[in-house]
Amino acid sequence: MKIKDNPQDIQPYLEDSSNFKEGKATKVFIPEDEKEVKEVLEYCRKTNTPVTVSAAGTGNVAARIPLDGVVLSAEKLNKIVSIDKQNKKATLQSGVVVANFLAELDKQGLFYPPFPTERAAFIGGNVATNASGEYSFRFGPTRNYVRKIRMVLTTGDVLEIERGKIFEKNGQIDFGLFKVPLPSYRTPNVKCSAGYYSKDGMDAIDLIIGSEGTLGVFTEVEVSLIDKLPERFIILIFIKETPQLLDIVKKIKSLTHELNIFSLEFFDTKSLEFLKEEFSFVPNDTVALYIEAEKSNLEKWLILVEEFSPKEVFVADTQKDYKKLIDFRYKLPDKINTYFKKLNSYKIAIDAAVTDTKLPELYYFYKNIMLEYKDIEMVIFGHIGEAHLHFNMFPKTPKEKEMCEKIYENSIKKAVSLGGSGFAEHGIGKIKSKYLPLMYGEKAIYEMAKIKKIFDPYCLLGLDNIFSRNYLV
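What counts as what
Residues numbered from 1 in each chain as written. Predicted model: local features only at pLDDT ≥ 70, side-chain atom pairs only at ≥ 80, totals over all residues. Heavy atoms only, no water. Helix = DSSP H or I, 4+ residues; strand = E, 2+ residues; numbered from the N terminus. Rg over C-alpha atoms; globule rule 2.2 N^0.38 Å. Buried < 20%, exposed > 50% of the residue type's maximum accessible area, 1.4 Å probe, protein only. Contact = heavy atoms within 4.5 Å. Areas by Shrake-Rupley, 256 points an atom, 1.4 Å probe, with all protein chains shown as cover. 1 Å grid on protein atoms, 1.4 Å probe; cavity = no way out; pocket = protein on both sides within 12 Å on 5 of 7 lines; lining within 4 Å. Points joined across faces, edges and corners; volume = space filled by probe spheres on them. Nonpolar A, V, L, I, M, F, W, Y, C, P; charged D, E, K, R; others polar. Pairing = 2+ DSSP bridges.

Trainee: Whenever I open this one, the overall build of the protein chain confuses me. Can you help?
Mentor: Assigned secondary structure in the protein chain consists of 14 helices and 20 strands. Over its C-alpha trace the protein chain gives a radius of gyration of 22 Å, about what one expects of a compact globule, namely 23 Å for 473 residues. On the principal axes, the C-alpha backbone points of the protein chain span a range of 65 × 55 × 50 Å. Counting every position in the protein chain, which comprises 473 residues, the buried fraction comes to 58%. Contacts in the protein chain between residues far apart in sequence, at least 24 positions, make up 71% of those at least 6 positions apart. Of the roughly 19600 Å² of accessible surface on the protein chain, a fraction of 48% belongs to carbon and sulfur atoms.

Trainee: Is there a simple way to explain the layout of surface pockets in this structure?
Mentor: A water-sized probe rolled over the atoms picks out the places where empty space is left. Volume-wise, the second largest pocket comes out at about 580 Å³. In this structure, the second largest pocket is lined by 23 residues; those nearest its centre are Asp106, Tyr135, Arg232, Gln319 and Tyr322. Of all the secondary structure elements, the ones that give two or more residues to the lining of the second largest pocket are helix H3 (98-107), strand E7 (110-111) and helix H10 (319-343). The element best represented in the lining of the second largest pocket is H10, accounting for 6 residues. Its residues placed into classes, the lining of the second largest pocket shows 11 nonpolar, 2 polar and 10 charged.

Trainee: Help me understand the pairing of strand E19 (residues 377-383), please; the structure alone is not making it clear to me.
Mentor: On a regular strand, one side chain projects to one face of the sheet and the next to the other, so that they alternate. With 6 of 7 residues buried, E19 lies mostly within the body of the structure. The sheet contact formed by E19 and strand E20 (residues 388-394) spans 7 bridges and is antiparallel. Considered in E20, the bridge of Ile380 is made with Phe391. Hairpin connection from E19 to E20: 4 residues lie between these consecutive antiparallel strands, with Ala387 at a positive phi of about 55°.

Okay, here's the thing in structure tokens:
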């Protein structure tokens with residue numbers, strides 16, 4: 001096992017895409033197997049040292065960045081243990097890089113649908129945040145594909161949880177080593193990555209998925225696979241923003257299975273401005289819908305889009321153009337993160353999701369904010385097919401930052417009032433923990449803390465992720 005204690009060597013583990021700058025750690029442990037993971041946790045237990053699990057650093061809520069203690073990096077837990085083509089499943093160590101996994105699956109005619117936008121991510125990080133990516137519109141988030149998790153607890157125990165084996169019954173989940181009470185809140189029926197999952201009759205494994213490194217250290221995960229996707233194309237439709245925009249989205253969604261649609265994304269006028277310099281085909285004063293679908297339906301799409309009176313249409317049906325539009329989609333989050341860092345500001349990014357029927361109300365809530373606060377740069381983009389849009393704000397002064405934080409709170413309250421989630425993906429980490437009570441209430445946060453203390457009675461693991469350590473007192 002490698003141990004790093006030089007400040008220069010530790011610094012890269014104190015960074016992610018959030019621009020969070022308060023990270024501190026005295027050591028980084030890099031175990032190569034489960035036995036060494038247990039050794040790290042034993043050291044932390046005996047010395048009462050907080051430990052934070054570090055995946056690839058592609059997250060943007062500072063979950064992998066400790067405020068004190070040590071880091072346990074999963075980077076050497078990087079073996080693809082097995083791929084079972086016949087039964088369409090794979091077992092991976094938690095530090096396997098998603099891009100490497102996808103490449104291996106491609107050779108065998110298989111696919112892992114919930115891979116995240118950041119393909120440099122680790123599979124364990126995906127499970128820890130219930131990550132989702134460009135195909136979550138069609139296939140859903142990571143949760144839908146996790147079959148088994150093996151994890152080491154700070155007690156030294158190894159817990160293996162398999163889907164379909166243990167369920168909530170009579171208000172509790174019996175993990176064998178201990179029983180966990182079902183909290184009083186319920187996770188909403190929308191895209192959600194907000195604290196510990198809670199549903200009546202829930203599968204025990206769903207409590208672990210999305211727990212953000214606070215309950216145990218993942219060493220292995222088993223996931224479901226599907227056959228390799230058919231040949232696809234991307235169509236980028238530029239239209240004038242009109243009241244019919246959401247009707248167009250609704251029409252496209254109604255054709256999901258008929259036209260075999262895999263993704264449905266949105267870029268507003270402001271977000272397209274971030275891309276114009278690199279992608280010269282972007283017209284002025286438009287918004288864009290980005291759709292990926294099965295290539296055999298291309299002719300039907302060319303007829304369909306004429307109904308929408310587009311200003312421009314860009315079709316990527318060759319490998320070169322397909323890659324160009326994949327880059328188009330990926331570049332926007334990168335450019336926005338770079339811009340935040342340039343402003344030296346924390347990311348003020350609303351990540352709410354609602355039901356399809358409530359999307360118009362949330363969308364126009366955001367649009368009215370943009371009209372009211374014209375001096376503050378704001379963009380709307382993202383997963384419109386899932387009624388989940390990213391609403392990012394770029395405050396440049398302390399006064400603007402204060403206004404944006406208030407808008408952030410009001411937006412979460414709005415999404416929750418519509419029966420949605422204030423936190424659809426990415427998780428809570430340290431950046432958003434103070435806002436989680438807006439969604440569930442203070443009582444729920446104490447219930448989460450109680451659950452954590454059952455798994456981690458020493459209160460050492462992933463401190464300040466999801467909720468402040470003050471709730472553990």
